[in-house]
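# Structural overview
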Amino acid sequence: MPSPTSPAADALRSHPAFVQFWFARICSGFGFQMLSVAVGWQVYAITGRAFDLGLIGLVQFIPSVVLALPAGHVADQFERRRIVLLGQIVDMLAIAALAVISFLHQAHEASILALVFVIGVAKAFEFPAMQSMLPALVPMSVLPRAMAASASAGQAAMIMGPAIGGLLYVAGPGVVYATCALLYLTAVLLMAHLRYEQAQPKREPATLKTLFAGVHFIRARPDVLGVISLDLFAVLLGGAAALLPIFAKDVLHTGPWGLGLLRAAPAVGALLMSLWLTRQNMERHVGPIMFASVAGFGLATLVFAVSTALWLSLLALFALGAFDMVSMVIRGALVQLDTPDDMRGRVSAVNAIFINTSNQLGEFESGLLAAWVGAVNATLIGGIGTLVVVALWMAMFPTLRRRQRLHTEPAPSPS
């Protein structure tokens, strides 16, 4: 058996629990991306109303925010693997129901939205449990690599999942849903046989105080508050993705194929960067690297805003995705490593609120600003705003700016 410090022991593939987790993440990620494409096409085909496409996002956003704190508390009260397993079983059954009503030609807007809402509820509980169980699958020394590898699974699904779903949709939505259900079944089987490598946390009795303990913990930890709030405001201001159709048509003068390339470019950059990060040890200058990456995200946004050539726009979006992946891995690892294991579910749940809010409000902010000053000016303002946020956060969180290592002794849980 290799020693704990040997390269073989540090290789992610030498940790069977993580390998199972990664393949389960691939299956569920592909399934969800394919599902999203099929639901959107099917609802629009039934109603012909663009407003109803917004309802699909709304019925997923509501449970993700409303249930975030209770879901985080559940993740710290019960075995996280079982929470993820139960959530994926609910996902699988709801998707199977979508397949059945589609094959029987009984699919209606209300029934589709109701089943998507059920999936949204399940996802609300899955997210904090899945995020907080990752440190139990690998030693702390390789957690950043594990987070990068896990992120690569998500990025691969984002790139290829919609294309596969679109191809399968030619045979009908029921075929897509049935395939998704099989992918989720595979994820369920993998998760059911997964075994932890690290000790599990003690359980606390459920009280109102413990429910909000994640919020209090984040407020008391400047580094954790800094990285979570940095993500909120940087994504809120740098939401150029929502304006890609405008840039494709009116600025770059390209068609749907060009828009497809523009949408894929950030994900490709993020995927390649995540694969590179799985082979790196982040042991020095993590604070400066994180801030530099967010600044790079802002600069790439500015380049995209002023570009009138498709190749330069694609390069800027590629860089934007790569910079975002670096900062995301550092932020995610830092939050996990600075948080005691018995608090990780609740802290991940609060983080989920920030992530969902920044993504949703970021798109709204970009669209609203573009309506006022135009898409190019709105993106320029967003890129400049991101750089201003970086400067402010470096001044407001000096310990985070000077932070050298990811791993420190986590603070004790609130009593």
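These numbers come from a predicted model, not from an experiment.

Criteria and cut-off values
Residues numbered from 1 in each chain as written. Predicted model: local features only at pLDDT ≥ 70, side-chain atom pairs only at ≥ 80, totals over all residues. Heavy atoms only, no water. Core = buried A, V, L, I, M, F, W, Y, C linked by side-chain atoms within 4.5 Å. Buried < 20%, exposed > 50% of the residue type's maximum accessible area, 1.4 Å probe, protein only. Helix = DSSP H or I, 4+ residues; strand = E, 2+ residues; numbered from the N terminus. Contact = heavy atoms within 4.5 Å. Axes fitted to C-alpha atoms, helices over the stretch in contact; angles between N-to-C directions. Left-handed = near helix turned anticlockwise from the far one by under 90°. Nonpolar A, V, L, I, M, F, W, Y, C, P; charged D, E, K, R; others polar. Phe/Tyr/Trp six-rings, centres within 6.5 Å; stacked < 30°, edge-to-face > 60°. Polar contact = N/O pair within 3.5 Å; in protein donor to acceptor, adjacent residues only side chain to side chain. Parallel < 35°, antiparallel > 145°, perpendicular 65-115°, else oblique. 1 Å grid on protein atoms, 1.4 Å probe; cavity = no way out; pocket = protein on both sides within 12 Å on 5 of 7 lines; lining within 4 Å. Points joined across faces, edges and corners; volume = space filled by probe spheres on them.

## Examining the nonpolar core
Ranked by size, the top nonpolar core spans 28 residues in total, and within it Phe-18, Phe-21, Met-133, Leu-134, Leu-137, Val-138 and Met-191 carry the most contacts. Counting only elements with at least two residues in this core, the list comes to α2 (16-47), α5 (80-103), α6 (109-133), α7 (143-169) and α8 (173-192). Per-element tally for this core: the top contributor is α2, with five residues. What Phe-21 contacts, discounting residues up to four positions off in sequence, is Met-130, Met-133, Leu-134, Leu-137, Ser-150, Met-191 and Leu-194. Ranked by size, the runner-up nonpolar core spans 27 residues in total, among them Ala-148, Phe-291, Val-294 and Ala-295.

## Description of the packing of α2 against α7
When two helices pack together, their arrangement is given by the angle between the helix axes and by the axis-to-axis distance. Contact pair α2 / α7: the axes reach a minimum separation of 7 Å and the direction vectors enclose 35°. The element α2 and its partner α7 pack so that their crossing is right-handed. Considering only residue class, the contact of α2 with α7 consists of 21 nonpolar, nine polar and one charged.

## Side note on helix α4 (residues 68-77)
Most of α4 is tucked away, with eight of its ten residues classed as buried. Of all the residues in α4, the buried ones are Ala-68, Leu-69, Ala-71, Gly-72, His-73, Ala-75, Asp-76 and Gln-77.

## Digging into the packing of aromatic side chains
Taken as a whole and assessed by the stated rule, the structure comprises five aromatic pairs. Residues Phe-247 and Phe-304 carry aromatic rings whose centres are separated by 4.6 Å and whose planes lie at 45° to one another, so their mutual orientation is tilted. Residue Phe-247 is located in helix α12 (residues 244-251), and its partner Phe-304 is located in helix α14 (residues 286-306); the two are separated by 57 residues in the primary sequence. In terms of burial, Phe-247 and Phe-304 fall into one category: buried. Their ring planes at 40° and their centres at 6.3 Å tell us that Trp-393 and Phe-397 sit as a pair that is tilted. On the basis of relative accessible area, Phe-397 is assigned to the buried category, the value being 9%.

## Quick notes on the side chain of Ser-150
For Ser-150, the position within the fold is in helix α7. Overall, Ser-150 belongs to the buried group, its relative accessible area being 6%. Polar side-chain contacts of Ser-150 include one of 2.5 Å to the side chain of Arg-25. Every residue in contact with Ser-150, bar those within four places of it in the chain, is listed here: Phe-18, Phe-21, Trp-22 and Arg-25.

## A word on unusual backbone geometry
Look at His-105: it is not a glycine, yet its phi comes out positive at around 60°. Tracing the sequence through the fold places His-105 in the loop between α5 and α6. For His-105, a relative accessible area of 70% puts it in the exposed group. Residues other than glycine seldom take positive phi values, yet His-253 does so here, at roughly 55°. Within the secondary structure layout, His-253 lies in the loop between α12 and α13 (256-277).

## A closer look at the packing of α5 against α8
In contact at an axis separation of 8 Å, α5 and α8 are set at 160° when each is read in the N-to-C sense. Taken as axis vectors, α5 and α8 run roughly antiparallel relative to one another. In terms of crossing hand, the pair formed by α5 and α8 is left-handed. Per-class residue counts for the contact of α5 with α8 are 21 nonpolar, three polar and two charged.

## So, empty space enclosed by the protein
On inspection of all chains with the given rule, the structure shows two cavities of 30 Å³ or more. Taken as a whole, the largest cavity holds about 70 Å³ of empty space. If you go around the largest cavity, you meet eleven residues; those closest to its centre are Ala-234, Val-294, Asp-324, Ser-327 and Arg-331. Elements represented by at least two residues in the lining of the largest cavity include exactly α11 (222-237), α14 and α15 (310-337). Its residues assigned to classes, the lining of the largest cavity comprises six nonpolar, two polar and three charged.

From the geometry alone we can't say anything about function, so treat these as descriptive.
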